[in-house]
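Listed here are the chains, written in short residue letters.
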Amino acid sequence: MQIGPHSIEPALVLAPMAGVTDKPFRQLCRRLGAGLAPSEMLSADPGLWDTPKSRARMDHRGESGPISVQIAGYDPAMMANAARHNVAHGADIIDINMGCPAKKVCKRDAGSALMRDEPLVAGILEAVVEAVPVPVTLKTRTGWCAEHRNAVRIAQIAEQAGIAAIAIHGRTRDQKYTGLAEYDTIRAVKNAVTIPVFANGDVDSPQKAQEVLRVTGADGLLIGRAAQGRPWIFREIDHFLRTGETLPAPPSGQIGGWLSEHLDGLYTLYGERRGVRVARKHIGWYADGHPDQARFLKTAMTLESAREQLAAVRGYFGLGCGVAAVAA
């Protein structure tokens with residue numbers, strides 16, 4: 001599948017998630033089968049760029065392309081400027097967030113709150129597309145609420161503005177992440193536009209992926225929460241869609257190896273102290289469903305050094321305590 005000049009193969013994309021899809025996680029997901037891994041959401045407000053958090057989010061050194069950067073905001077001129085800034089710093093694709101349901105984002109009339117103002121949506125999309133020479137994509141929801149599902153109209157506005165592809169999360173803003181995703185609206189969007197459409201929401205297995213593609217007619221899938229602690233889900237889905245066969249579950253040692261790689265990346269990106277703290281939620285996700293999970297996490301969540309944390313993880317997943325050099 002194509003987004004501008006970029007071939008997305010497979011058409012399985014890691015959904016941007018604040019505080020989760022940082023560079024180490026993106027790199028691991030790409031290596032384990034994701035065709036594209038956009039950055040965490042970046043504010044379009046330049047006053048927020050010179051912070052440790054934003055600088056880490058803007059770090060794309062060593063990533064394989066295409067590099068997709070997601071921006072969020074409510075002002076067309078500011079969004080256009082943010083797009084230019086990120087392209088100057090390596091972005092191959094700009095993704096616009098109109099899907100985030102978080103209160104702190106929506107109260108600033110950004111994220112999914114923008115779906116309430118279709119003229120403003122058009123203004124933002126046109127400004128960003130005109131500002132940069134790279135493809136611009138859009139992530140949105142089915143609508144603000146059940147009584148105001150306007151994803152089809154938003155998609156038509158997006159296509160007219162020159163948006164290269166659109167991803168639809170099958171929930172309204174007021175649902176946040178509760179209930180079940182619905183796919184009829186995504187199918188209606190697919191039938192209403194000619195640009196590529198990605199379906200998002202509750203895709204948590206190869207079989208569900210196949211069903212969602214069948215029901216929606218979408219060109220590809222965005223996978224978010226199901227990849228937390230399971231970045232190999234992309235290769236599982238890709239293999240099943242290509243062959244009809246289910247890959248065997250990876251052995252514990254292989255999972256431990258991937259997690260060790262992930263942790264090394266976190267320590268390098270954030271430094272030891274912050275990296276250890278960021279790593280804790282990922283360790284919890286990877287350990288989910290494994291034997292003696294509660295006992296392991298009770299200890300692992302209290303460790304303060306990278307070396308101790310990595311050794312505990314390797315021991316738990318049966319790799320022993322031999323640890324490669326850990327970045328300080």
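> How should the overall build of the protein chain be read in this particular structure?
A count of helices and strands for the protein chain gives 13 helices and 10 strands. The C-alpha atoms of the protein chain give a radius of gyration of 20 Å, which matches the 20 Å a tight globule of 328 residues would have. Its C-alpha atoms put the protein chain at 55 × 45 × 35 Å along the principal axes. Across the 328 residues of the protein chain, 55% fall into the buried class.

> Explain the pattern of salt bridges to me, please; I cannot follow it from the model alone.
Any two side chains of opposite charge can pair if their charged atoms end up close together. Per the counting criterion, the structure on display carries 17 salt bridges. One salt bridge connects Lys23 with Asp59, and the closest N-O pair in it is separated by 3.1 Å. Of this pair, Lys23 sits in helix H1 (residues 23–31) while Asp59 sits in the loop between helix H2 (52–57) and strand E5 (68–72), and the two are 36 residues apart along the sequence. For the pair Lys23 and Asp59, a shared accessibility class is recorded, and that class is buried. With a closest N to O distance of 2.7 Å, Glu211 and Arg214 form a salt bridge. Taken together, the positions of Glu211 and Arg214, both in helix H8 (residues 206–216) and three residues apart, correspond to about one turn of that helix. We classify Arg214 as exposed; its relative accessible area is 57%.

> Quick question: what am I supposed to make of the pairing of strand E10 (residues 220–223) here?
Consecutive residues of a regular strand have side chains that alternate between opposite faces of the sheet. A two-sided burial pattern is seen for E10, the buried positions comprising Gly220 and Leu222 on one face and Leu221 and Ile223 on the other. Sheet topology places strand E3 (residues 12–14) next to E10; three bridges connect them, and they run parallel. Paired with Leu12 across the strands is Leu221, a residue of E10. Bridge count for strand E9 (residues 197–200) against E10 is three bridges, and the pairing is parallel. When the sheet's bridge partners are listed, Phe198 is paired in E10 with Gly220.

> Help me understand the side chain of Asn97 in this model?
Mapped onto the secondary structure, Asn97 falls in strand E6 (residues 93–98). Of the residues examined, Asn97 reaches a relative accessible area of 6% and is grouped as buried. Of the polar contacts made by the side chain of Asn97, one reaches the side chain of Gln70; its length is 2.9 Å.

> Just checking my understanding: could you explain the packing of helix H11 (residues 272–287) against helix H13 (residues 306–316) for this structure?
Between two packed helices, the angle of one axis relative to the other and the distance separating the axes together describe the packing. Relative to each other, H11 and H13 sit at 15 degrees, their axes nearing to 10 Å. In terms of axis orientation, H11 runs roughly parallel to H13. For H11 against H13, the interelement crossing comes out left-handed. In this structure, H11 contributes Glu272, Val276, Ala279, Arg280, Ile283 and Ala287 to the contact, and H13 contributes Ala306, Arg307, Gln309, Val313 and Tyr316.

> Mind showing me how you'd approach the environment of Glu308 here?
Relative to the elements of secondary structure, Glu308 occurs in helix H13. Assessed through its relative accessible area of 45%, Glu308 is described here as partly exposed. When the C-alpha atoms of Glu308 and Val276 are compared, they prove to be 9.7 Å apart, with 32 residues separating the residues in sequence.

> I would appreciate a short explanation of unusual backbone geometry in the present structure.
One can expect most non-glycine residues to show negative phi and most peptide bonds to be in trans. In this structure, Pro10 follows Glu9 across a cis peptide bond, with omega equal to -5 degrees. Here Pro10 shows up in the loop between strand E2 (6–7) and E3. Of the consecutive residues Gly65 and Pro66, the connecting peptide bond is found in the cis state with omega at -5 degrees. Relative to the helices and strands, Pro66 is located in the loop between H2 and E5. Despite not being glycine, Asp202 shows a phi value in the positive range, around 65 degrees. The topology assignment puts Asp202 in the loop between E9 and H8.

Reading the values: the criteria
Residue positions are given per chain, counting from 1 as you read along its sequence in written order. With pLDDT at 70 or above as the cut-off, local features in this predicted model cover only qualifying residues; side-chain atom pairs require 80 or more to be listed or tallied, and sums for whole chains, interfaces and linings still use all residues. With hydrogens and water set aside, each side-chain value is computed from the structure's full complement of heavy atoms. Helical segments are the DSSP runs of H or I of at least four residues, strand segments are the runs of E of at least two, and each set is numbered from the N terminus. C-alpha atoms define the radius of gyration, and 2.2 Å times the number of residues to the power 0.38 defines the globule rule. Type-normalised accessible area, obtained with a 1.4 Å probe on protein chains alone, sets the label of each residue: buried when under 20%, exposed when over 50%, and partly exposed for intermediate values. Salt bridge, as used here: a side-chain nitrogen of Lys or Arg that lies within 4 Å of a carboxyl oxygen of Asp or Glu. Think of it this way: DSSP has to see at least two bridges between two strands before they count as a pair. Here a polar contact means two N or O atoms within 3.5 Å. Within protein one must be a hydrogen donor candidate and the other an acceptor candidate, and residues neighboring in sequence count only if both atoms are side-chain atoms. Working convention: axes come from line fits to C-alpha atoms, limited for helices to the stretch in contact. Angles between N-to-C directions cover 0 to 180 degrees. An angle below 35 degrees is treated as roughly parallel, one above 145 as roughly antiparallel, one from 65 to 115 as roughly perpendicular, and anything else as oblique. What makes a crossing left-handed is the near helix being turned counterclockwise from the far one by less than a right angle; a clockwise turn instead makes it right-handed. When checking whether two residues touch, look at their non-hydrogen atoms; a contact exists if any pair is within 4.5 Å.

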